[in-house]
Each structure stands twice: as C-alpha cells, then as structure tokens.
Amino acid sequence: MTVNEQLKESPRHDYSWPVFIGNFSILQEYLSEKKSYLWSVVRLFDFLLRGFGQVVFSNNPISGLLIIISLGATSPGTLLFAASTGFLGLLLSMLLRDPQEHIANGLTVFNPLLVGAVSYALIPKVYGPFDSLSILLILLGTIFRQVE
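Residues numbered from 1 in each chain as written. Predicted model: local features only at pLDDT ≥ 70, side-chain atom pairs only at ≥ 80, totals over all residues. Heavy atoms only, no water.

1. Observations concerning the overall build of the protein
Our working rule: The way it works is that DSSP assigns letters per residue, a run of H or I at least four long becomes a helix, a run of E at least two long becomes a strand, and they are numbered from the N terminus. Throughout, exposure labels follow a simple rule: accessible area from a 1.4 Å probe, protein chains only, divided by the maximum for the residue type, with under 20% read as buried, over 50% as exposed, and the rest as partly exposed. We call two residues in contact when some of their heavy atoms are within 4.5 Å.
A count of helical and extended segments in the protein gives eight helices and zero strands. Beginning at the N terminus, the succession of helices and strands in the protein can be written as α-α-α-α-α-α-α-α. Every one of the 148 residues in the protein was classed for burial, and the buried ones make up 36%. Long-range contacts, defined as pairs at least 24 residues apart, comprise 58% of the intrachain contacts of the protein with a sequence gap of at least 6.

2. Regarding the pattern of salt bridges
Put simply, the test is: A pair is scored as a salt bridge if a Lys or Arg side-chain nitrogen falls within 4 Å of a carboxyl oxygen belonging to Asp or Glu.
A full pass over the atoms with the stated rule returns one salt bridge. Aspartate 46 serves as the salt-bridge partner of arginine 50, at 3.1 Å between the closest nitrogen and oxygen. Residue arginine 50 and its partner aspartate 46 are located together in helix H3 (residues 37-54), separated by four residues, close to a single helical turn. Both residues of the pair, arginine 50 and aspartate 46, count as buried.

3. Quick look at the confidence of the model for the protein
Quick reminder of the rule: The predictor attaches a confidence to each residue, called pLDDT, with possible values from 0 through 100.
Per-residue confidence for the protein gives a mean pLDDT of 84; residues scoring 70 or more make up 84%. Taken element by element, the predicted model of the protein shows its lowest mean pLDDT in helix H1 (residues 3-9) (56) and its highest in helix H4 (residues 61-74) (94).

4. Topic: the packing of H3 against helix H7 (residues 107-126)
Cut-off, in case you're wondering: Comment: axis = line fitted to C-alpha atoms, over the contacting stretch for helices; angle = value between 0 and 180 degrees taken between N-to-C directions. Two helices that cross are described as forming a left-handed crossing if the nearer one is turned anticlockwise from the farther one by less than a right angle, and a right-handed crossing if clockwise. Polar here means any residue outside two lists: the nonpolar Ala, Val, Leu, Ile, Met, Phe, Trp, Tyr, Cys and Pro, and the charged Asp, Glu, Lys and Arg; Gly therefore counts as polar.
Put simply, H3 and H7 touch, their axes get as near as 8 Å, and they point 60° apart. Taken as a pair, H3 and H7 cross one another with a handedness that is right-handed. Between H3, through Phe47, Leu48, Gly51, Phe52 and Gln54, and H7, the contact on the second element is made entirely by Leu107, Val109, Phe110 and Leu113. Looking at side-chain class alone, the contact of H3 with H7 contains seven nonpolar, two polar and no charged residues.

5. Remarks on H3
Threshold: One fewer than the residue count of a helix, multiplied by 1.5 Å, yields its expected span.
Taking 1.5 Å per residue as the helical rise, H3 with its 18 residues ought to reach 26 Å, and the 26 Å between its terminal C-alpha atoms agrees with that figure. Listing the buried residues of H3 in full gives Arg43, Asp46, Phe47, Leu48, Leu49, Arg50, Gly51, Phe52, Gly53 and Gln54.

6. Re the packing of aromatic side chains
Centre-to-centre distance and the angle between the planes together describe a pair of aromatic rings. Stated precisely, the cut-off is as follows: Under the pairing criterion, centres of Phe, Tyr and Trp rings, with the six-membered ring standing for Trp, must be within 6.5 Å; the plane angle then separates stacked pairs below 30 degrees from edge-to-face pairs above 60, leaving the rest tilted. A positively charged side chain is recorded as over a ring if its NZ (Lys) or CZ (Arg) lies within 6 Å of the ring centre. The angle to the ring normal must also be within 35 degrees.
Counted by the stated rule, this structure contains four aromatic pairs. Between phenylalanine 81 and phenylalanine 130 the ring centres are 5.0 Å apart and the planes differ by 35°, which places this aromatic pair in the tilted class. Taken together, the positions of phenylalanine 81 in helix H5 (residues 76-95) and phenylalanine 130 in the loop between H7 and helix H8 (132-146) put the pair 49 residues apart, joining distant regions of the chain. Overall, the relative accessible area of 31% leaves phenylalanine 130 in the partly exposed class. Arranged with centres 5.9 Å apart and planes meeting at 15°, the rings of tyrosine 120 and phenylalanine 130 form a pair that is stacked. Residue tyrosine 120 is located in helix H7, and its partner phenylalanine 130 is located in the loop between H7 and H8; the two are separated by 10 residues in the primary sequence. Of the residues examined, tyrosine 120 reaches a relative accessible area of 28% and is grouped as partly exposed. Chaining the aromatic ring pairs together yields one cluster made of Phe81, Tyr120 and Phe130. The lysine or arginine in question, lysine 34, covers the ring of tryptophan 39, its NZ or CZ lying 5.8 Å from the ring centre.

7. Quick look at the environment of leucine 71
Structurally, the position occupied by leucine 71 is in helix H4. Along the sequence, leucine 71 and alanine 82 sit 11 residues apart, while their C-alpha atoms lie 9.6 Å from each other. In contact with leucine 71, not counting residues within four places along its chain, are Phe52, Pro76, Thr78 and Leu79.

So, in structure tokens, the structure goes:
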C-alpha cells in the first residue's frame, strides 16, 4: 500500500497543534494530491529534506532544512558531499523501487547522507587529498549501500 493510498484511507486529522510540528502530515497530504511534474520535483525535495531530518530522528522537512542551513554555515563541504550522496541515494531507491513509505519518510536518504558526511571528514585524514578515486569510492559506497 502506497503512502497516497494510506493517506486517502486515513481520516482527516484533528490539527489542534500547529501543523508543522511532528511529521508535518498536512504537507504529505497536500503533496500526495498534486500530480504535475512541478509537484513531483517539490515532493523529491520534501523527501530529501526529510532524509536530512532523519539524522536527528525527526521525520520533518523543517528539521532537515535547519540542518541544511547549519551545515551550509559551518561546513559547506560536508553539505555538498552529504547532499550529493543523499540525492543519489534517493534516485537509486526510486529506480530500485524501494517501498514508497520508506522513500516518502526519507529513510532511503539517511544512510547515503551519512556516507557523504563521514567521507568528507575522514578521507583527507586517512586516504589523503580528494582525487577521482576517492570520489569514485564515495559514489560506489552510496550505490552499494542501496543494494539489499
């Protein structure tokens, strides 16, 4: 059962709390109703932000956005590697047809994102300066992380 079907079957929630707290289910509901190409890109961005939020155990795109802002301010290189490997992991999980609920909650972005962030920190200390082989190893680590 896809996330869209689950959201359609579930009754409307009582939004007495601010709607952006928790897993921001109102955004998931809104994006699941949209079908155009532009909204697909926005949905991918939501999945990526939720993946960044999973790093702090939060299924919320706002938490992911705060992490992206803090990484951009403190360590842009880590953000570059984490975002590129996270996006690659997201695309691969969609190509491999991972369960839609895992993709929608950012779980398929979590491990590739950590591979990129840790690689940016450790490769210069263990291997030496970045070169084409080290970048290839990071990409292969991201790809083989996806294969289950």
